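# Report on the structure
Residues per chain, in single letters:
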Amino acid sequence: MITVVGTGTGAPPPEDVLADAELVVGGRRHLDAVRLPDGAERVVLGALAPALDSIEEYVAKDRAVVVLASGDPGFFGIVRALAERFGSERLAVRPGVSSVATAFARLGLTWDDAVVVSAHGRDPRTAVNVCRAHPKVAVLTGPGAGPAELGEALAASAPGRVLVVASALGDPSHERVERVSPAEAADRDWGTAVSVVLCLDETRLLGPVRTLAGPDVGPAGWALEESDFAHRDSMITKFEVRALALARLGPRLGDLVWDVGAGSGSVAVECARLGAAAVAVEKAPDGVERIRANAAAHGVDVHVVHGTAPDALADLADDPDAVFVGGGGRELPAVVSACARRARRTVVVAMAALDRVPAAREALTSAGFSCDGVLLQSSRLAPLPGDVTRLAATNPVFLLWGVRPQACSEGVAQ
């Protein structure tokens, strides 16, 4: 049997757990904090594979093994690796209090509506994008993905977030819980004692009473009516076009989506409602304010960049997963090319002018994307005098989409 003990936030494991242990595995600080039985072997966790091999030798001889872990070892912890290697039936898990629960408790905040994301040993871009999109996020950090790196990534796109850096939780002598801005976090050396980082949008912290824990379930509806957005002179992506564009963009939790030539920002807002971090690029000053108002009206955070594409795109540090390009001036091929160079997965282009289609398609294929498209023509029901109904045609729109070949082979939803 393998006994897995979560040491809580600094609390040592019960003595009875270690009494019969013949092998004790854990981090150096966990091992140094306990008295091992005479004759027990200790293995300091570094690379996981050698530790699992040592555990297997003892398990094969039916000898007692204890694994010490931080907090709740079934929450982004070692239980997964142990269960995959030895089977969950061989595990006796005694969970402690997770660092996430402790950090929120220190602030007096509930966390049933928090999103928890691990950047430990993983690409931190997912954690950064979740922090951009959601008002209450806990990030489990690791080397190269700590408070400084998180702060640097958020300083430009979400400078109003508050980062709460919780270090050495449960250690009365060294515990620290500090509130800093992303810029302040980026300028600090935080050392190795960080337990967890909370990223908070304090304007949206206290949401409604929840039934399901975690991030909000997807919106009840999408491809919203044009009347749900403030817009100028009907300059908005129509809901029929937006529906297919969203299907091809595939926005999801952890993604970053650009809406270039955003106009009303309807595509950016809908992507944010579906969980993605969204950036809207718009050249008209009144359009910038309109996008911000639309985002606020729908309770999402969209980072708005005032500038003209393609030049404005150079100032966006992080490559997007997907890009929507609206509008269709003479610069459209250059804009599509610039977006295609940066997009990790998909570029979707909407055009009303037939003349723009070949150049936009060439820009996508030249960048190595597979390209497809459709001409969308729809007629909506419209009332006539005498209580009768006619069909009112909307303007035709060409929708092209380019997909990176590796995105197809990886089975990424388009």
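Heads up: the structure comes first, above all this text.
What you see is a predicted model, and the numbers here were worked out from it, not measured in a lab.

### Brief notes about the side chain of S167
Within the secondary structure, S167 sits in strand β8 (residues 162-167). Apart from the residues within four sequence positions on either side, S167 is in contact with H174, E175, R176, A193, V194 and S195.

### Re the packing of aromatic side chains
Inspection of the entire model under this criterion finds three aromatic pairs. Taken together, a centroid distance of 5.4 Å and an interplanar angle of 85 degrees make the contact between F75 and F76 edge-to-face. With 6.2 Å between their ring centres and 5 degrees between their planes, F104 and W111 make a pair best called stacked. Among the residues examined, W111 registers a relative accessible area of 31% and is labelled partly exposed. An aromatic cluster is built from F75, F76, F104 and W111, whose rings are joined through pairwise contacts. Its guanidinium or amino end placed over the ring of W190, R188 lies 3.9 Å from that ring's centre, counting from NZ or CZ.

### Some remarks on the layout of surface pockets
Space inside the second largest pocket adds up to approximately 1000 Å³. Along the wall of the second largest pocket there are 42 residues; nearest its centre are M235, G261, G326, G327 and G328. Ranked by residues supplied to the lining of the second largest pocket, first place goes to helix α11 (residues 285-297) with three residues. Here the lining of the second largest pocket is composed, by residue class, of 18 nonpolar, 16 polar and eight charged.

### Looking at empty space enclosed by the protein
Under the counting rule described, the total for this entry stands at two cavities of 30 Å³ or more. In this structure, the largest cavity encloses a volume near 70 Å³. Lining the largest cavity are R132, A133, S157, A158, A277, A278, V279, D301, V302 and H303. Within the residue set of the lining of the largest cavity, elements represented by two or more residues are α6 (125-133), β12 (277-282) and β13 (302-306). Taken together, the residues of the lining of the largest cavity break down into six nonpolar, two polar and two charged. Roughly 40 Å³ of volume is contained in the second largest cavity. If you go around the second largest cavity, the residues you meet are A119, P124, V128, V139, A145, G146, E149 and L150. Residues of the lining of the second largest cavity, tallied by class, amount to six nonpolar, one polar and one charged.

### What to know about the environment of E56
As for its placement among the helices and strands, E56 is situated in helix α3 (residues 48-60). Expressed as a C-alpha distance, the spacing of E56 and R42, which sit 14 residues apart in the sequence, is 14 Å. Discounting residues that sit within four places of it in the chain, E56 has contacts with R85 and F86. Of the polar contacts made by the side chain of E56, one reaches the side chain of R85; its length is 2.6 Å.

### Examining the pattern of salt bridges
Counted according to the given criterion, the structure contains 25 salt bridges. A salt bridge links R380 to E226; the nearest nitrogen and oxygen atoms lie 2.8 Å apart. Taken together, the positions of R380 in strand β17 (residues 379-384) and E226 in the loop between β10 (194-200) and α9 (239-249) put the pair 154 residues apart, joining distant regions of the chain. Here R380 falls in the partly exposed class, since its relative accessible area comes to 23%. Note that R342 and D319 form a salt bridge whose closest N and O atoms lie 2.4 Å from each other. Residue R342 is located in helix α12 (residues 332-342), and its partner D319 is located in the loop between β13 and β14 (322-325); the two are separated by 23 residues in the primary sequence. Through salt bridges with shared partners, a single network forms among R161, D201, R204 and D301.

About the criteria used
- Residues numbered from 1 in each chain as written.
- Predicted model: local features only at pLDDT ≥ 70, side-chain atom pairs only at ≥ 80, totals over all residues.
- Heavy atoms only, no water.
- Helix = DSSP H or I, 4+ residues; strand = E, 2+ residues; numbered from the N terminus.
- Contact = heavy atoms within 4.5 Å.
- Phe/Tyr/Trp six-rings, centres within 6.5 Å; stacked < 30°, edge-to-face > 60°.
- Buried < 20%, exposed > 50% of the residue type's maximum accessible area, 1.4 Å probe, protein only.
- Lys NZ or Arg CZ within 6 Å of the ring centre and 35° of its normal.
- 1 Å grid on protein atoms, 1.4 Å probe; cavity = no way out; pocket = protein on both sides within 12 Å on 5 of 7 lines; lining within 4 Å.
- Points joined across faces, edges and corners; volume = space filled by probe spheres on them.
- Nonpolar A, V, L, I, M, F, W, Y, C, P; charged D, E, K, R; others polar.
- Polar contact = N/O pair within 3.5 Å; in protein donor to acceptor, adjacent residues only side chain to side chain.
- Salt bridge = Lys/Arg side-chain N within 4 Å of Asp/Glu carboxyl O.

Everything listed here is a matter of geometry and, on its own, says nothing about what the molecule does.
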